[in-house]
Amino acid sequence: MKPHKTTAQCVERKLGRKLRLIRVARGEEPADIVFKNATYLNVFSNDFCHGDIAVSDGLIAGIGSYHGSKEVDVSGSFVCPGLIDAHIHLESSLVSPAEFARAVIRHGTTTVITDPHEIANVMGVDGIRYMLEATEGLPVDVHFMLPSCVPATPLDESGCTLDYQAIDDLYDHPRVLGLAEMMNYVGVINGDPAVISKILASQAHHKKIDGHAPDLSGADLNAYIAAGVYSDHECSTCQNALEKLQLGQFIMIREGTAAQNLRALLPLLNQQYYSRCMFATDDKHPLDLLQGGHIHGAWLAAAPDGKRRSRTGGFAGRHAGGHDPNGTLRVMRRADAASGDQKAVKRARNEAAIGNVVCAPLALDKAGAPLFSGRVMDIDAVAVFADAVCKVTALQD
């Protein structure tokens, strides 16, 4: 674990970068890269906007009229924020994290939030550390929620038992966002000190707690939320999801391999509730990833006629822990985006129109020259600039 930096050290390290970002934003200094003439999805106003996207040191400095050291004309393409899987167990893909990244990035996913619960049940903290190391430097950003229930129940057999002290130092890792799905909701609502201690430890690090409470309702649900659980991905009925939402939880609409709840929860995708929702898969097996895609598959299924797609675009880039560096095209956000040719979009079954999120089957012309120069990863349709952390993915059939 890296030594803790003082506030003065952090300020000194970041000051020059921040000052340059401001100069680039004001147009006083050329950006590293400018995506010229972009038609981009604005998930704040739920429509498409037009302008140049200026990138400085991997961050979006501004959107408007800009010049840069490198300029890429994206006329005729749509640019949309990278998609986020708000809750997944990467082990469920049955492949290494690198192979998982190869499968999902072509579908526009740039970030996943993983709970390494399964490997932790076998290897304990060593398994979590392995996953942290194995996800370094991938073209998909992998963030972590630490396993809350190892073993899953007192009756289960596992390789080890993890209490709050066993995982406490892992909260300092920059890609750890909080405590993963609190499956032991019985322990929470009955005030089990060992279970509550895990919640308190996460809160002591100013981290969030994800939930797992199928069909929990009434006073027991109140107790569960009062303990500090922010979200739930186990809603199989709209009634239960709405009860949890009205009490303040974020709802993860799960569409994975083992469980598909999207159809039941479609009524939540309206102007009143969508800001409290996000997409998650929980688990995704290899065949599903290859044939059905990833988050963009749920995005399309949520709005097959094109309606509501700008709203679903907003929560397709959201996580309850407040993590959305790739989920919005916004000043000071990470410059991760997906780009697709407009003609390909119009040929697709979901017509591109103002107010509709363009996450139809998109494709860049593989026969043509690459849109972007720079260091190209060994992953189809992914270009990673060496001098600015930008990932541009082609969403494909």
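Our structure is the block above this text.
Residues numbered from 1 in each chain as written. Predicted model: local features only at pLDDT ≥ 70, side-chain atom pairs only at ≥ 80, totals over all residues. Heavy atoms only, no water.

Asks: What's the story with the overall build of the protein in this structure? I'm lost.
Replies: The number of helices and strands found in the protein is 14 helices and 16 strands. Looking at the 397 residues of the protein, the share that counts as buried comes to 54%. Considering only intrachain contacts with a sequence separation of at least 6, the fraction spanning at least 24 residues in the protein is 72%. Carbon together with sulfur atoms contributes 52% to the accessible area of the protein, which is approximately 17100 Å² in total. (Helix = DSSP H or I, 4+ residues; strand = E, 2+ residues; numbered from the N terminus. Buried < 20%, exposed > 50% of the residue type's maximum accessible area, 1.4 Å probe, protein only. Contact = heavy atoms within 4.5 Å. Areas by Shrake-Rupley, 256 points an atom, 1.4 Å probe, with all protein chains shown as cover.)

Asks: Looking at this structure, I do not really get a positive patch on the surface. What am I missing?
Replies: A contiguous patch of positive charge on the surface is contributed by Lys5, Arg13, Lys14 and Lys18. Tracing the backbone through its elements, the reader meets Lys5 in the segment before α1 (7-25). According to the relative accessible area criterion, Lys5 is partly exposed, its value standing at 38%. (Patch = residues over 30% accessible without salt bridge, like charges linked within 9 Å, V, L, I, M, F, W, Y side chains within 5 Å. Salt bridge = Lys/Arg side-chain N within 4 Å of Asp/Glu carboxyl O. Lys, Arg positive; Asp, Glu negative; His and termini not counted. Charge placed at Lys NZ, Arg CZ, Asp CG, Glu CD.)

Asks: It is not clear to me how the sheet that holds strand β12 (residues 250-254) should be interpreted in this structure. Could you clarify?
Replies: Adjacent strands of a sheet form backbone hydrogen bonds with each other and so pair up, either parallel or antiparallel. Judged by pairing direction, the sheet is parallel, and its three strands sit side by side in the order β11-β12-β13 without closing on themselves. What marks the edges here is a single partner per strand, and that holds for β11 (231-232) and β13 (277-280). Pairing of β12 with β13 involves four bridges; the strand directions are parallel. Across the sheet, residue Met252 finds its bridge partner in β13, namely Met278. (Pairing = 2+ DSSP bridges.)

Asks: I would appreciate a short explanation of the sheet that holds strand β8 (residues 141-146) in the present structure.
Replies: With respect to topology, five strands assemble into an open sheet ordered β6-β7-β8-β9-β10, the strand pairing being parallel. Strands at the two margins of the open sheet, each flanked by one partner only, are β6 (83-88) and β10 (208-211). For this sheet the average axis-to-axis angle between neighbouring strands, irrespective of direction, equals 30°. Note: strand β7 (residues 109-114) against β8, four bridges, orientation parallel. Residue pairing across strands places Val112 opposite Val142, the latter belonging to β8. The sheet contacts of helix α7 (residues 193-204) involve β9 (176-182) and β10, and relative to β9 the element is tilted by about 160°. (Axes fitted to C-alpha atoms, helices over the stretch in contact; angles between N-to-C directions.)

Asks: What exactly am I supposed to notice about the nonpolar core here?
Replies: Note on soluble globular proteins: their nonpolar side chains tend to be buried together. Core analysis: the biggest nonpolar cluster contains 40 residues, and Ile128, Ile167 and Met182 have the highest contact counts within it. Of all the secondary structure elements, the ones that give two or more residues to this core are α2 (97-105), α3 (117-123), α4 (125-134), β8, β9, α7 and α8 (218-226). The element contributing the most residues to this core is α2, with five residues. Aside from chain neighbours lying at most four places away, what touches Ile167 is Ile128, Leu146, Pro147, Leu162 and Leu179. (Core = buried A, V, L, I, M, F, W, Y, C linked by side-chain atoms within 4.5 Å.)

Asks: How do you make sense of the pattern of salt bridges when you look at a structure like this?
Replies: Two side chains of opposite charge can pair, provided their charged atoms sit close to one another. One pass over the full model with this rule turns up twelve salt bridges. Sharing partners across several salt bridges, the network here consists of Arg20, Arg23, Glu29 and Asp32.

Asks: I'm lost on the pairing of β7 in this one. Help?
Replies: When a strand is regular, its side chains alternate between the sheet's two faces. A large share of β7 lies buried, amounting to six of its six residues. Examined bridge by bridge, β6 and β7 share four bridges and lie parallel to one another. Looking across to β7, one finds that Ile84 is bridged to Thr111.

Asks: When you look at the environment of Arg17 in this model, what are you seeing that I'm missing?
Replies: Looking at the element boundaries, Arg17 is found in helix α1. What Arg17 contacts, discounting residues up to four positions off in sequence, is Asp57 and Leu59. Side chain to side chain, Arg17 and Asp57 meet in a polar contact 2.7 Å long. (Polar contact = N/O pair within 3.5 Å; in protein donor to acceptor, adjacent residues only side chain to side chain.)

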